[in-house]
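Single-letter residue listing:
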Amino acid sequence: MSGAQTPQPSLFDDVASHASSSAASHLPPAFPGRAPWGTAGKLRAWQAEALEAYRQRSPRDFLAVATPGAGKTTFALRVATELLEARIVRRVTVVAPTEHLKRQWADAAARVGIKLDPRFSNAQGRHGHGFDGVAVTYAQVASKPALHAARTSAAPTLVILDEVHHGGDALSWGDAVREAFEGATRRLALTGTPFRSDTAAIPFVTYAPDAQNIRRSVADYTYGYGDALRDNVVRPVLFLSYSGAMRWRTKAGDEVSARLGEPLTKDMTSQAWRTALDPNGEWIPSVLAAADKRLTEVRRAVPDAGAMIIATDQTDARAYAGHLARLTGQSPTIVLSDDDGASDRIDEFSSGDSRWLVAVRMVSEGVDVPRLAVGVYATSTATPLFFAQAVGRFVRARRRGETASVFLPSVPQLLALAGALELERDHALDRPRTAEEQGEGYDPEDALLAAANSAERASDALGPDGKPAAFQALEAQASFDRVLFDGGEFGTGAEIGSDEEMDFLGLPGLLDVDQVSELLRQRQAAQTKGSRRAAASAEALAEMDHRKQAELRKELAQLVGAWARRSGQPHGSVHAELRRRCGGPEVALADPDQLTARVSMVRGWFVGKK
């Protein structure tokens, strides 16, 4: 190994006891300062325990599941260092989901004395002189698995599979990863989300049947979000949800109105959600303004805190960036996955102190920007995997008391995912298949491709005139809905810019979990008390109106009777003339203003004003 640091304890050192496969509460969490990504000098409690488990077993395959932000990279690099020092392996191959993560891994490895080549290409065939190994992407491996199999077999190799669930992204990918690394001396699989939205098996992961005989992934070590939260390793997350009135035109040309967050059909929820995210509506600017206020409050205690909005596509991302520029007077950093220099912009934002980053999917997984503390989830993707990875961008703790704030549309799927953040999930292989999946010749890769191709063709449906008709967002208003935190819901709804909304946007930027809970309860109680006062005032006003109505009705009846006697007109014709002159049907007599107008008119008749 080139430039190795002080040797770490050997894998053959005796250990006092066998480490369990779950986080131990008896170990105090190490809380490193702002060390470079993946290079904390002092191991956290879970990292130390996972390392002990690895040393004890010395397995060929090891799956470590640790919540995003917990420090999987530090653990993996410590394992790699020890294996190289013990000469159990001579090479290291890191497989990552994206090009940016390849570079991030290489930078982190270099800081602990392991030299990885992130620029290695399949055309090279071998890594450059002076490197201990390479960092490649899953796509790179899938394109030439035989090449990587030959490299792996040429020397004892440790393969680190970062975010290993990507190995099941397609049948060809899973097969390629197996072929490429079947001959590895050691394989270390890492993930923060060990589950998938489909049933594609993840390479080199063990599955075992549960009580319902459903095969689920089995981790060798698990450190979940709940464990990390208790250890102050990650930030607690405040989810601030926003609802509002939406109006849109369907492909059939019908105009539909609905309120985001109210019980709706699946299709209407999807359309209302899509309307909310339309950059031309008022929902997005209102929520961005609220998120920027929250960011300002957080920066009082954490001066370099940053915020990120995750957009559905590049067009929306650029439009959202325009809103932010007008709102803040500063142009945000924009990161698009196929842009040249995207990695450089992420690095520049991470090391700077500017306020906003706008991204599509580039920063949704694995990419580390520790100062991100406020997020806006402005994408229509609602899979548990994507949601967990996206929220994971905001939870990396740097000091005690930091909190994360994520703004969401009030969509049932998202609120359910936010409420279940602390639940542990395992990848299940045996969920019931759909009728389509059970059909003969079904190929999940072809289905994924067809879905991707059809997603942008939804607007090709023909309208009544035979021309392409498209969904059209017409109006999107925002209102504050509630806060979700630690399994509870707080807030009773409020208008944008109201004191009630600011009660929650203005929470201090540095608070322990218990302090956040206590403040939320206090503000919930204050809002509830205020709502009760308002309801009591409305009830008192209604009671006063009722008495006024009774008095006016009595006076009107007396006046109409007197006028009927004087004029000889029937009572009915007098009332008909009053309705004609004052406007409104008979039911308008429930309106005090209408009653007052009719009483005044009859009084006028008596003094000659008819």
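How each quantity is defined
- Residue numbering note: each chain is counted from 1, following its sequence as written.
- With the structure being a predicted model, the display of local features is reserved for residues of pLDDT at least 70 and the display and counting of side-chain atom pairs for 80 or more, all residues being used for whole-chain, interface and lining totals.
- To get the side-chain values, take all heavy atoms of the structure and skip hydrogens and water.
- The helix count covers DSSP runs of H or I at least four residues long, the strand count covers runs of E at least two residues long, and both are numbered beginning at the N terminus.
- For the exposure calls, accessible area comes from a 1.4 Å probe over protein chains only, and a residue counts as buried if that area is under 20% of its type's maximum, exposed if over 50%, partly exposed in between.
- Residue contacts are defined here by distance: any two heavy atoms, one from each residue, within 4.5 Å place the two residues in contact.
- Areas reported here follow the Shrake-Rupley algorithm with a probe of radius 1.4 Å; residue values treat only the protein chains shown as occluding.
- Two strands form a pair only when DSSP identifies at least two bridges running between them.
- Handedness rule for crossovers: strands pointing away from the viewer, path from the first strand over the helix to the second running clockwise, crossover right-handed.
- Two rings from Phe, Tyr or Trp (for Trp, the six-membered ring) form a pair when their centres sit within 6.5 Å of each other. Planes less than 30 degrees apart are called stacked, planes more than 60 degrees apart edge-to-face, and all others tilted.
- For every element, the axis is a line fit to its C-alpha atoms; helices are fit only across the contacting stretch, and the angle between N-to-C directions ranges from 0 to 180 degrees.
- By definition in this entry, angles of less than 35 degrees are roughly parallel, angles greater than 145 are roughly antiparallel, angles of 65 to 115 are roughly perpendicular, and the rest are oblique.
- Whether a crossing is left-handed or right-handed is set by the direction in which the near helix is turned from the far one by less than a right angle, anticlockwise for left-handed and clockwise for right-handed.
- Here pLDDT means the predictor's own confidence in every residue, given as a number from 0 to 100.
- Here, a salt bridge means any side-chain nitrogen of Lys or Arg that lies within 4 Å of a carboxyl oxygen of Asp or Glu.
- A helix is expected to span 1.5 Å for every residue after the first.
- By nonpolar core is meant a set of buried Ala, Val, Leu, Ile, Met, Phe, Trp, Tyr and Cys residues that side-chain atoms within 4.5 Å join together.
- The directions from the helix axis to the C-beta atoms are what the arc is built from.

A. Representation of the overall build of the protein within the structure. The helix and strand inventory of the protein stands at 19 helices and 19 strands. By residue count, 49% of the 610 residues in the protein fall in the buried class. For the protein, restricting intrachain contacts to residue pairs at least 6 apart in sequence, the fraction spanning at least 24 positions comes to 74%. A total of about 27800 Å² of accessible surface is found on the protein, and carbon and sulfur atoms cover 50% of it.

B. Local environment of the sheet that holds strand E3 (residues 116–117). With respect to topology, seven strands assemble into an open sheet ordered E3-E4-E2-E5-E6-E1-E9, the strand pairing being parallel. Because the sheet does not close on itself, it has two edges, and the strands there are E3 and strand E9 (221–223). Here E3 pairs with strand E4 (residues 133–137) via two bridges, running parallel. For Leu116, the partnering residue across the bridge sits in E4 and is Gly133.

C. Quick peek at the pairing of strand E16 (residues 404–409). Counting buried positions over the six residues of E16 gives six, a clear majority of the element. Across the two faces of E16 the burial is the same, with Ala404, Val406 and Leu408 and Ser405, Phe407 and Pro409 all buried. Relative to E16, strand E15 (residues 372–378) runs parallel, the two sharing three bridges. In the sheet register, Gly375 faces E16, and the bridge partner there is Val406. Once you follow E15 into helix H12 (residues 384–391) and on to E16, the crossover reads as right-handed.

D. Local environment of the packing of aromatic side chains. Applying the stated criterion across every chain yields a total of 12 aromatic pairs. Plain terms: the ring middles of Phe62 and Phe75 are 6.2 Å apart, the flat faces sit at 45° to each other, and that makes the pair tilted. Of this pair, Phe62 sits in strand E1 (residues 61–66) while Phe75 sits in helix H2 (residues 72–85), placing them 13 residues apart in sequence. With respect to burial, Phe62 and Phe75 carry one shared label: buried. Aromatic pair Phe480 and Phe504: ring centres 5.4 Å apart, planes at 25°, arrangement stacked.

E. Fine view of the packing of helix H9 (residues 283–301) against helix H10 (residues 314–328). Look at H9 against H10: their axes get within 10 Å of each other, and the N-to-C directions meet at 50°. Relative to H10, H9 is oriented oblique. Crossing of H9 against H10: the hand is right-handed. Here Ile284, Pro285, Leu288, Ala289 and Asp292 of H9 lie close against H10, whose contacting residues are Tyr320, His323, Leu324, Leu327 and Thr328.

F. Broad picture of the confidence of the model for the protein. Averaged over all residues, the pLDDT of the protein is 78; the fraction at 70 or higher stands at 76%. Predicted confidence in the protein is weakest over helix H15 (residues 444–455), with a mean pLDDT of 39, and strongest over strand E5 (residues 157–161), with 96. Note on residues 1–37: pLDDT under 50 across the span, and 85 contacts to partners over four residues away in sequence or across chains. Between residues 424–469, whose pLDDT stays under 50, and residues either more than four places distant or in other chains, the model counts 68 contacts.

G. Representation of the pattern of salt bridges in the model. Scanning the entire structure with this criterion turns up 21 salt bridges. Lys102 is the partner of Glu99 in a salt bridge, and the nearest nitrogen-oxygen pair spans 3.1 Å. In this pair, Glu99 and Lys102 both sit in helix H3 (residues 99–111), three residues apart, roughly one turn of the helix. Linked by salt bridges that have partners in common, Arg235, Asp304, Arg398 and Glu402 make up one network.

H. Expanded view of H2. The terminal C-alpha atoms of H2, which comprises 14 residues, lie 20 Å apart, in line with the 20 Å expected from a rise of 1.5 Å per residue. Burial analysis of H2 places 13 of its 14 residues in the buried class, the great majority of the element.

I. Quick look at the nonpolar core. Ranked by size, the top nonpolar core spans 123 residues in total, and within it Phe75, Ile160, Leu188, Phe239, Trp283 and Phe407 carry the most contacts. Broken down by element, this core gets its largest block of residues, eight residues, from H9. One finds Phe120, Val141, Val164 and Ile202 within the second-largest nonpolar core, a separate group that totals 20 residues.

J. Seen up close, the pairing of strand E14 (residues 356–359). Neither face of E14 is left uncovered, since the one carrying Trp356 and Val358 and the one carrying Leu357 and Ala359 both have all their residues buried. Of the pairings in the sheet, the one linking strand E12 (residues 306–311) to E14 comprises four bridges and is parallel in character. Counterpart to Ala307 in the pairing with E14 is Trp356. When strand E13 (residues 333–335) meets E14, the two strands line up parallel, connected through three bridges. Paired with Ile334 across the two strands is Val358, which belongs to E14.

K. Structural detail: the side chain of Thr333. Relative to the helices and strands, Thr333 is located in strand E13. Those residues in contact with Thr333 that lie beyond four places of it in its chain are Arg345, Phe349, Ser354, Trp356, Leu357 and Val358.

L. Broad picture of the environment of Thr73. By the element assignment, Thr73 lies in helix H2. According to the relative accessible area criterion, Thr73 is buried, its value standing at 8%.

M. Quick peek at the environment of Leu414. As for its placement among the helices and strands, Leu414 is situated in helix H13 (residues 412–419). With near-sequence residues (within four places) excluded, Leu414 lies in contact with Trp273, Tyr377, Thr381, Ala382, Phe387, Leu408 and Pro409.

N. Up close: unusual backbone geometry. Phi at Ser58 takes a positive value of approximately 45°, unusual for a residue other than glycine. Tracing the chain through its elements places Ser58 in the loop between helix H1 (45–57) and E1.

O. Here's a closer look at the environment of Thr333. Take Thr333: its relative accessible area is 18%, and that puts it in the buried class. For the pair Thr333 and Glu348, spaced 15 residues apart in the sequence, the C-alpha separation amounts to 9.2 Å.

P. Representation of the side chain of His148 within the structure. Mapped onto the elements, His148 comes out in helix H5 (residues 145–154). Relative accessible area serves as the criterion here: at 1%, His148 is assigned to the buried category. Excluding residues within four positions of it along the chain, His148 makes contact with Phe120, Asn122, Val136, Gln140, Val141, Ala180 and Phe181.

Q. Structural view of helix H11 (residues 342–351). All of the buried residues in H11 are Ala342, Ser343, Ile346 and Phe349. Taken end-on, H11 shows its buried residues confined to a sector of 130°, consistent with a single buried face. Within H11, the exposed residues directed more than 90 degrees away from the buried face are Glu348 and Ser351. Packed against the buried residues of H11 are H3, E12, E13, E14 and E15.

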